[in-house]
Amino acid sequence: MINYGKQSITVDDIEAVVKTLSGDWLTQGPTIERFEREVADYVGAEHAVAFANGTAALHGAAAASGLGPSDLVATTPLTFMASVNALRYVNVSPLLIDISPETLNLDVANVPIDIDGLMAVHFAGLPVDLDSLQSRPRVVIEDAAHALGASTPSGRVGNCAHSEMTCFSFHPVKPITTGEGGIVTTNNNELAEYLRRFRSHGIVRKPDQGAWYYEISDVGFNYRLTDIQAALGLSQLKKLESFIDRRNELADRYRELLSGLPIQLPPIAPKGFVHGYHLFVIRVRNRRTVFERLIERGIGVQVHYVPVHHHPISADIQIISSGLENCDAYYERALSLPIYPDLTGEDQQFVAETLYDILV
Ligand SMILES: *Cc1c(COP(=O)(O)O)cnc(C)c1O
């Protein structure tokens, strides 16, 4: 089976992980700090705070943001539910804004100017153009689970040029992996402090009152990443640029191979943007049949995503008055083809030939 996405692990990753196992620290030791420093430096942010997974990172960001039930927060219907759940964890029920068919991201032109917050999701690895927001909401959080390594004319995603915090995921199908893992980047010292407390039980150490002494003032969680995972993250980070290059190369090749088919190809990155190509989503008629035929032939396609407003949990969700037609039209036809750094040229050729077979 060729999966739609997959980790890329080599012997140097394995050696890095094994080395931590014979060290003094298995969790929350010096490797976490190094990983945080290197991610922050890579994206161009002041701080990075590692979390147990991307969802925990989003929860931390939502809690740190101070957004609450009285705030109106916009987001996209085309995302994994974790983006919306993070808002629900802090009692925010979001307003869903339709996507732009040009970018498949939330259409920034439709974000109401009186909105309090925005959860911007960089769908498939193509960054939302936050620079073109009419006005900047009080809080902008970026869900960049798909977009580590992507960039805009304002720099790398994660530098928080137009946001308070950016959240990443290190799940195996994401740009780099730590097994499970996540991180929040920010340029704000207080937010970074809050995030560190939040992921570790709310603990604040007060050594002036004794080396053992600490206080807890807010509810916290155990959302820590381990040093074992951070070692994998550091090793993977060295390869991120080559992973993104390879994903772009595969995307270009798909565009050539599939150009004769009656399908819609994914959006192209605008000038000055680098696409992360976490996903390569085509749009095709009779999606269900095409999906099933591809699976039968060992091609593990997927659909990203069942839109947020289609799930029972969203029965009471607020939807922008102009509706979510673009998202619904997209969902009818969406099909994610395999794309990951280790996908071979032959695998890709096979995917293309099978599609021709099914569609022509
Ligand atoms: C993967 C993903 C998450 C959640 O990350 P986990 O590490 O799996 O918890 C959140 N948002 C989006 C858009 C994702 O793709």
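Quick caveat, the model's predicted, so the values are computed rather than measured.

1. Examining the pairing of strand E2 (residues 47-51)
Burial analysis of E2 places five of its five residues in the buried class, the great majority of the element. Burial of E2 is two-sided: the residues His47, Val49 and Phe51 facing one way and the residues Ala48 and Ala50 facing the other way are all buried. Pairing of E2 with strand E10 (residues 182-186) involves five bridges; the strand directions are antiparallel. Across the sheet, Ala48 pairs through a bridge with Thr185, a residue of E10.

2. Remarks on the nonpolar core
In this structure, Phe51, Ile141, Met165, Cys167, Val184 and Leu195 are the most contacted members of the largest nonpolar core, which totals 26 residues. Every element with two or more residues in this core is listed here: E2, helix H3 (54-65), helix H4 (82-89), strand E6 (139-143), strand E9 (165-169) and helix H5 (189-198). Per element, the largest residue contribution to this core is seven residues, and it comes from H3.

3. Quick word on the site of the ligand
Around the ligand, a shell composed of 15 residues is seen, among which Gly54, Thr55, Asp143, Ser169 and Lys174 lie nearest. The separation between an oxygen atom of the ligand and a polar side-chain atom of Thr55 is 2.6 Å. In this structure, Asp143 approaches the ligand through a side-chain N or O atom, which is 2.7 Å from a nitrogen atom. Those elements giving two or more residues to the shell around the ligand turn out to be H3 and H4.

4. Considerations on the packing of aromatic side chains
In the structure shown here, the tally under the stated rule is 11 aromatic pairs. Centroid distance Tyr194 to Phe198: 6.0 Å. Interplanar angle 20°. Geometry classified as stacked. Placement of both Tyr194 and Phe198 in helix H5 is noted, with a separation of four residues, approximately one turn of the helix. The class for Phe198 is buried, based on a relative accessible area of 5%. For the ring pair Phe198 and Tyr223, a centre distance of 6.0 Å and an interplane angle of 55° mean the geometry is tilted. Of this pair, Phe198 sits in helix H5 while Tyr223 sits in the loop between strand E12 (214-216) and helix H6 (227-237), placing them 25 residues apart in sequence. Through successive ring pairs, a cluster of aromatic residues spans Phe51, Tyr194, Phe198, Phe221 and Tyr223. Residue placement shows Arg156 over the ring face of Tyr42; its charged tip is 3.9 Å from the ring centre. The ring of Tyr331 has Arg287 sitting right over it, with the charged end atom 5.1 Å from the ring centre.

About the cut-offs
- Residues numbered from 1 in each chain as written.
- Predicted model: local features only at pLDDT ≥ 70, side-chain atom pairs only at ≥ 80, totals over all residues.
- Heavy atoms only, no water.
- Buried < 20%, exposed > 50% of the residue type's maximum accessible area, 1.4 Å probe, protein only.
- Helix = DSSP H or I, 4+ residues; strand = E, 2+ residues; numbered from the N terminus.
- Pairing = 2+ DSSP bridges.
- Core = buried A, V, L, I, M, F, W, Y, C linked by side-chain atoms within 4.5 Å.
- Near = heavy atom within 4 Å.
- Polar contact = N/O pair within 3.5 Å; in protein donor to acceptor, adjacent residues only side chain to side chain.
- Phe/Tyr/Trp six-rings, centres within 6.5 Å; stacked < 30°, edge-to-face > 60°.
- Lys NZ or Arg CZ within 6 Å of the ring centre and 35° of its normal.

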